[in-house]
Amino acid sequence: MPNQMCDSLDIMSRCLINNPASLVHWQKLYISQLAESGSLLQYINSNWSQLQNIDSPLFRDTIQAFQDYNLSISHKEEAALCLDACSDILDRLARKNTTGFYWKTWSLVLLLGIGAVVTCDVQANQTFHKSHIAAFLRDAGQYDRVCAIRDQVVSTCDQVQAWGHKNLPVYYETTARIAGPYAAKAIEVTKDVSEVVLAQASVLWDLLKVYVEQGRVYVEEQLPWLQESAGQAAEQAKTMTLNAYTTVSVKVNELIGQVDWVQVKEQLVVTLEQAKVVTMQYVDKLQQQINQLVK
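Residues numbered from 1 in each chain as written. Predicted model: local features only at pLDDT ≥ 70, side-chain atom pairs only at ≥ 80, totals over all residues. Heavy atoms only, no water.

Asker: So what exactly am I meant to see when it comes to the overall build of the chain here?
Answerer: Scanning the chain from N- to C-terminus turns up 10 helices and 0 strands. Secondary structure elements of the chain occur, N-terminal to C-terminal, as α-α-α-α-α-α-α-α-α-α. Across the 295 residues of the chain, 18% fall into the buried class. Restricting the contact set of the chain to residue pairs at least 6 apart, pairs at least 24 apart contribute 61%. With the model as given, the accessible surface of the chain reaches about 22200 Å², and the carbon-plus-sulfur share is 62%. (Helix = DSSP H or I, 4+ residues; strand = E, 2+ residues; numbered from the N terminus. Buried < 20%, exposed > 50% of the residue type's maximum accessible area, 1.4 Å probe, protein only. Contact = heavy atoms within 4.5 Å. Areas by Shrake-Rupley, 256 points an atom, 1.4 Å probe, with all protein chains shown as cover.)

Asker: It is not clear to me how the nonpolar core should be interpreted in this structure. Could you clarify?
Answerer: When a protein is soluble and globular, its nonpolar side chains tend to lie buried together. Of all hydrophobic cores here, the largest spans 24 residues; its most connected members are Trp26, Tyr30, Leu41, Ile44, Phe59, Ile63 and Ile89. For this core, the elements supplying multiple residues, two or more each, are α1 (3-18), α2 (21-29), α3 (34-46), α4 (48-51), α5 (57-72) and α6 (79-96). Among the elements that make up this core, the one with the highest residue count is α6 (7 residues). The residues contacting Ile63, other than those within four sequence positions of it, are Leu41, Cys86, Ile89 and Leu90. With 5 residues, the next largest nonpolar core counts Phe128, Ala134, Leu137 and Cys147 among its residues. (Core = buried A, V, L, I, M, F, W, Y, C linked by side-chain atoms within 4.5 Å.)

Asker: Whenever I open this one, a nonpolar patch on the surface confuses me. Can you help?
Answerer: A cluster of nonpolar side chains, namely Trp163, Leu168, Val170 and Tyr171, defines an oily patch on the protein surface of about 420 Å² accessible area. Taking relative accessible area as the criterion, Tyr171 reaches 45% and is therefore assigned partly exposed. (Patch = residues over 30% accessible without salt bridge, like charges linked within 9 Å, V, L, I, M, F, W, Y side chains within 5 Å. Salt bridge = Lys/Arg side-chain N within 4 Å of Asp/Glu carboxyl O.)

Asker: What am I meant to see in the packing of aromatic side chains here?
Answerer: How two aromatic rings sit relative to each other is set out by the distance from centre to centre and by the angle between their planes. Inspection of the entire model under this criterion finds 3 aromatic pairs. Consider the rings of Trp26 and Phe66, whose centres lie 5.0 Å apart with planes at 70°: the pair is edge-to-face. In this pair, Trp26 is assigned in helix α2 and Phe66 in helix α5, connecting sequence segments 40 residues apart. Taking relative accessible area as the criterion, Trp26 reaches 8% and is therefore assigned buried. Considering the side-chain rings of Tyr30 and Phe66, the 3.7 Å spacing of their centres and the 5° angle between planes classify their relative orientation as stacked. You can see Tyr30 sitting in the loop between α2 and α3 and its partner Phe66 sitting in helix α5, a full 36 residues away along the chain. Summarising the burial analysis for this pair, Tyr30 and Phe66 share the class buried. (Phe/Tyr/Trp six-rings, centres within 6.5 Å; stacked < 30°, edge-to-face > 60°.)

Asker: Can you walk me through helix α7 (residues 103-125) in this structure?
Answerer: One full turn of an α-helix is made of 3.6 residues, so residues set three or four places apart face in the same direction. Spanning 23 residues, α7 covers 33 Å between terminal C-alpha atoms, matching the ideal 33 Å at 1.5 Å per step. At the C-terminal side of α7, Gln126 shows a positive phi close to 75°. (Expected span 1.5 Å × (residues − 1).)

What follows is the structure in structure tokens.
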């Protein structure tokens, strides 16, 4: 479909949404412009997710009227597109108008309710023959029929129960006799497999213990070297900190000496002293942490 035609159909569709009076004009032009109306109907059906706001009582009546006319001229070739499009749109409108009533659920609830009422009635009157339900069935002429169906159901249940008592033990013994050796063999195979798995797990555990012990011995052998390396690193950090402090202090003293700001100089000197103390404390703490780590 050309882009220009799509744009035209989209504009007409928007007109139908925003101006209900355009539906009246469409009704007047539908018969004389059947092919063009078919294209518009097909466009609305194809883009229903975007144009579903077009739904209104007038729109529903219009589409139903179009469909009635399409059925009357179904022998014409140009009516086929309109017939299919109107049918699809009416299906969409019918699904959209569904109330969502839970027929199956409420039918089951109604059936259970009727069963409960009948049970209470029979229990209150001791027998079904004396119950109000039986009186109602006699008045309706269905008592004998219901009793016959009841007797047939009870007889069938008794036959099934008797068959079960007679044949199920035989089937069970036959199944146990045939499948018994295979079940015992399966149990033996499962036991053998579990023993193999446990043995392999024990070997793996012993191997892991050996590797762990070797790792512990290696760490103990390397412990003096690690302690020595940690001490050297801490001493180097302390030396670098002192050198940096000395260099910065000299530069600051030179700068302050040139400016001759006595108060600023004293404040900076105090700040540098405090920074030196804090830095040395952090270096000492770092050395203590390293020593604890390698112990």
